[in-house]
Every structure is written in structure tokens, then in C-alpha cells.
Amino acid sequence: MRIYISADQEGVSGVVHREHTSPQGYDYELARRLMTDEASAAVQAALDNGATEVWVSDSHGGNTFRSILLDRIHPDAHLITGGPRRLGQLEGLDKSFAMVILLGYHTMHNFDGVLNHTINGQAVHRVTLNDVEVGEIGINAALAGHFGVPIGVVTGDDRTVAEAKALMPWISGATVKWYLSRYAARCLTPKKAHGEIYQAVTDAMSNRKRLKPYKVGSPIKLRLSFKETGSAESAARVNGARRVDSHTIEFVAKDMETIYENCSAMVELWQPAWGAWIRGH
Ligand SMILES: [Zn+2]
């Protein structure tokens, strides 16, 4: 049985600031160790509950998907690192996997939570799929659902677990920190956080029959609203993208794989008005 772990960083216990999530940050080296160790706890739980192969996808865009430490991650994990890549936070996922774990995730831009954002905190204001607002949890759940693979576990702050359960009541959530503000949280120590993650993965794997792939009906209408009009102008260059108002692009496709690829491309065309190229976190 193959298990896929998509590991982001903003939802890891102890991570509350750009100084953690940016490679130039004072606390980045600490944050990547904390992230790596939370991922390792999930790998161990998957292996202890019947997994024969566990992939860990480094899914934190802040350093182009290169935050997890290969010399520190669980020795039996397969690590997907670096980017850009076609399927971003779920690169390599296909129908052969039994379950996806979203580890260290965060709330969407318009929902309070620690370091909340959607895809790129500096560029994107809102994303909807068939008029339902989604963040990275919903977007990745819909892509996993396209392959028939359910999300089994979501870990992060308490608000992130709430957002995930509102969309997918069947998931097991591991709360490793509690929201106080966008840049503050009450945090578990790594040992306790690993225990929560281990338990949530164990619960999901022993109740796999209750999990459902998250499906978005076809055709799928993506609406992508940017913070700046210039970003919408750039995104409109993608073939098939249509500008529906000053800040918003609409793109319609039959399947989620096409939506996902084009959504990533449109966000990556983003340029801030002041001309610098700064990747989102
Ligand atoms: Zn991230």
C-alpha cells in the first residue's frame, strides 16, 4: 500500500513568521528541521499501519519546494524535492496511492489562521472551484479526488483542521498549534506534535473505508482573484483564460488536472507592481 504525504511548512508547530518560512529568514533552518521531523512522524505511522511505500512531497513554495532535509527525513521515505513541477504539491500522485496526508497545511487567504494564504500570499486573494471558495486544502483534495485518492489526514493549526473538516468531514485532523493571530500561536513541543500526527495517521489508516475522494463536478470553473490588476492581466495570457473583472480570471476545463496545471501557471505569471520577483510563501 502506497501513501502520499504532501508536506507544507506554515502549519508545522512552532512556525509563525516569515523568518521561519523564507530561506533568508533567521529561523528558517529551525523551521525546516521541525517540518522534516513532523513529516517523519507521519511516515513512521503510515509504515506501522500497513504502508509498504511512503512518498513525502516537499510542498513548501517558499524555497521552491526545497525545505525538507534529506539527511534527516525518515530513512524509508521517498522524497520529492525541487520545482517547478507540473502537479506542484501533489507531484507524482496517481491512482495507485491509497491515501494522501496533508501535513503542515494552513488556512485559505480569507479564513483566519496562522500564516493563512492561498497558493501565493502576495499575489492571490481568492480561488473558487464551481463557486466554492477553496484554499490549498481544497485545491489539492480536488486533484487527489481526480485520481480517486482520498485525503485521510490534515495537520496544522486548529483553524486549518476546522477548514478541512468543513470540506471533508471524514478526515482525521492533528492540531499541533492553536491560532492566536496570523503571526502567533500556542504550540505543542515537537514530541507532543509528533504524537498527535502519529495518532491521526493511525486513525485514518485503520478507518480507510470511511474516507472519500473529494470530487468537483465536471466541467470545472476556476475563478482566480488576484490582489493586483496587473497579475490578472498577466494570467489572461494563458490560452483559455478569460478576465471577468479587474482582478479575476475564469478558466473552465473538464478535469481537475487541467485546472490545477493552469492555475499554477497563472499564479506563477504573477509580477508585483514594483517589478521584483518574489516567490510566495
Ligand atoms: Zn508553504
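Structural notes, computed from the coordinates. For clarity, every value in this text was computed on a predicted model and none was experimentally measured.

1. Re the environment of Arg-2
Consideration 1: Its place among the elements puts Arg-2 in strand E1 (residues 2-7).
Consideration 2: A count of 17 C-beta atoms within 10 Å places Arg-2 in the partly exposed class.
Consideration 3: Between the C-alpha atom of Arg-2 and that of Ala-174, which follows or precedes it by 172 residues, the distance is 21 Å.

2. Regarding the sheet that holds strand E8 (residues 172-181)
Consideration 1: Taken together, the 7 strands give an open sheet; going across it, the order is E3-E2-E1-E4-E7-E8-E9, and neighbouring strands pair in mixed fashion. Because the sheet does not close on itself, it has two edges, and the strands there are strand E3 (77-80) and strand E9 (184-187). On average, each strand axis in the sheet is tilted by 25° relative to the strand beside it, whichever way the strands run.
Consideration 2: Relative to strand E4 (residues 97-103), E1 runs parallel, the two being bridged by 6 bridges. Bridged to Tyr-4 within E4 is Val-100.

3. Describing the sheet that holds strand E10 (residues 220-226)
Consideration 1: Pairing is antiparallel across the open sheet formed by 5 strands, whose spatial order is E6-E5-E10-E12-E11. Whereas interior strands pair on both sides, the edge strands pair on one side only; in this sheet they are strand E6 (132-133) and strand E11 (242-245).
Consideration 2: By the bridge criterion, 5 bridges tie strand E5 (residues 124-129) to E10 in an arrangement that is antiparallel. Bridge pairing in E10 links Leu-129 to Leu-222.
Consideration 3: Helix H7 (residues 256-268) rests against E5, E10 and strand E12 (248-253) of the sheet, and its axis sits at about 15° to E10.

4. Concerning helix H5 (residues 190-206)
Consideration 1: Relative to the 24 Å expected for 17 residues at 1.5 Å per residue, H5 spans 24 Å between its end C-alpha atoms, a close match to the ideal helical length.
Consideration 2: Along H5, the residues that are buried comprise Ala-193, His-194, Ile-197, Ala-200, Val-201, Ala-204 and Met-205. The buried side chains of H5 occupy one side of the element, clustering within an arc of 130° when seen end-on. Turned more than 90 degrees away from the buried face of H5 sit Lys-191, Lys-192 and Ser-206, all of them exposed.
Consideration 3: Elements that come into contact with the buried residues of H5 comprise helix H2 (28-48), E4, strand E7 (151-157) and E8.

5. Concerning the nonpolar core
Consideration 1: Counting residues in hydrophobic clusters, the biggest one holds 86 residues, and the most contacted among them are Ile-5, Ala-39, Ala-42, Val-56, Val-100, Ile-101 and Val-201.
Consideration 2: Looking at this core, the element that brings in the most residues is H2, giving 10 residues.
Consideration 3: Each residue touching Ala-39, except ones within four places of it in the same chain, is listed here: Ile-5, Ala-7, Val-56, Ile-68, Ile-73 and Leu-103.

What counts and what doesn't
Along each chain, numbering runs from 1 in the same order as the chain's sequence is written. Local features are withheld for residues below a pLDDT of 70 in this predicted model, meaning they are given only at 70 or higher, and side-chain atom pairs are given and counted only at 80 or more; totals for whole chains, interfaces and linings count all residues. Helix and strand definitions here come from DSSP, where helices need a minimum of 4 consecutive H or I residues and strands a minimum of 2 consecutive E residues; each element is numbered from the N-terminal end. A residue is called partly exposed when the number of other C-beta atoms within 10 Å of its own lies between 12 and 20, exposed at 12 or fewer, and buried at 20 or more, with C-beta atoms placed from the backbone. Pairing between strands is defined by DSSP: at least two bridges between them are needed. Lines fitted to C-alpha atoms define the axes here, with helix axes fitted over just the stretch in contact, and angles between the N-to-C directions of these axes take values from 0 to 180 degrees. Contacts are defined on C-beta atoms placed from the backbone: any two residues whose C-beta positions lie within 7 Å are in contact. Under the convention used throughout, the expected extent of a helix is 1.5 Å for every residue step, that is, one less than its residue count. Taken from the helix axis, the directions to the C-beta atoms give the arc we talk about. Nonpolar cores are built from buried Ala, Val, Leu, Ile, Met, Phe, Trp, Tyr and Cys residues. These are joined into a set through C-beta atoms within 7 Å.

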